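The lines below spell out each chain.
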Amino acid sequence: DLERLAAEVQFAIAVGARADIGEIRIVGLEAVPEYLVQREIDFAGGERFSPALLTRIEKAVIAMDVFSTVTVVADHEIGADGRIGITVAVSESEPQLVKVGVGLGLESTRWEERVTGLYSHHDIFGQLTRFELRIKAGFGLTFGKFTTWPNNAIPAAPAPFVIGGLGAGPFG
């Protein structure tokens, strides 16, 4: 109704037949054994179908951390037994990962260099056994160690530590 700036909206919801999860098929596996994926999603077999359950299955397979893509889709038809099949489509990611990084840190009295490395393999024995090796190496240099101080610069007895500045600065 343009005159009243109002609209009437109606929703029609058609509830379908209830279904339980039937066969769960996994497609796209190459090196990962199927029983290891089935073990992660065995909670779903025989459960009442719902979109939230499909999301749980997808999250469980993603959490295995061995697939680059995971898609979970229900069949279009419910079987005569009241069950609906599920297809889990996966793409395996590369089993090995190598990362190398370098860093440089600079401060007024110190500088440091560092190198990091990572090698990981998430299916080292074909059973999703993980192996990870991290290496960190660094070198830091403090300039204060190489400064020559006058003999009377550091008093023998406890004394206040005074920091001073010379010249114009942000504090006046």
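No experiment lies behind these values; they were computed from the predicted model shown.

J.: Just to check I follow, could you spell out the overall build of the chain for this structure?
T.: On a plain count of helices and strands, the chain comes out with two helices and six strands. Mapped in sequence order, the helices and strands of the chain form the string β-α-α-β-β-β-β-β. Long-range pairs, those at least 24 residues apart, make up 51% of the contacts in the chain with a sequence separation of at least 6. Only carbon and sulfur atoms are counted for the fraction: they give 57% of the accessible area of the chain, which is about 13,500 Å².

J.: Hey, could you run me through the nonpolar core in this one?
T.: Nonpolar side chains in soluble globular proteins generally cluster together in the buried interior. Ile 41, Val 61, Phe 67, Ile 86 and Val 88 are the most contacted members of the largest nonpolar core, which has 25 residues in total. Looking at this core, the elements with two or more residues in it are strand 1 (20-27), helix 1 (34-41), helix 2 (51-62), strand 2 (67-74) and strand 3 (83-92). It is helix 2 that contributes the most residues to this core, five residues altogether. Residue contacts for Ile 41: discarding those within four places in its chain leaves Ile 24, Ile 26, Ile 57, Ala 60, Val 61 and Val 88.

J.: What is the right way to look at helix 1 in this model?
T.: One turn of the α-helix equals 3.6 residues, which is why residues spaced by three or four share an orientation. Buried within helix 1 we find Leu 36, Val 37 and Ile 41. When helix 1 is viewed along its axis, its buried side chains cluster within an angular range of 130 degrees and face the same direction. Along its buried surface, helix 1 packs onto strand 1, helix 2, strand 2 and strand 3.

J.: I tried to follow the side chain of His 122 on my own but got confused; where do I start?
T.: Here His 122 lies in the loop between strand 5 (110-121) and strand 6 (131-142). Here His 122 falls in the buried class, since its relative accessible area comes to 12%. Excluding anything up to four places from it in sequence, His 122 contacts Asp 65, Val 66, Ser 93, Glu 94, Pro 95, Leu 128, Thr 129 and Arg 130.

J.: Any chance you could explain the side chain of Ser 120 here in plain terms?
T.: As for its position among the elements, Ser 120 is in strand 5. Beyond its immediate sequence surroundings of up to four residues, Ser 120 is in contact with Pro 95, Gln 96, Leu 97, Phe 131 and Glu 132.

Rules of the game
Residues numbered from 1 in each chain as written. Predicted model: local features only at pLDDT ≥ 70, side-chain atom pairs only at ≥ 80, totals over all residues. Heavy atoms only, no water. Helix = DSSP H or I, 4+ residues; strand = E, 2+ residues; numbered from the N terminus. Contact = heavy atoms within 4.5 Å. Areas by Shrake-Rupley, 256 points an atom, 1.4 Å probe, with all protein chains shown as cover. Core = buried A, V, L, I, M, F, W, Y, C linked by side-chain atoms within 4.5 Å. Buried < 20%, exposed > 50% of the residue type's maximum accessible area, 1.4 Å probe, protein only. Arc of directions from axis to C-beta.

What is shown is where atoms sit, not what they do.
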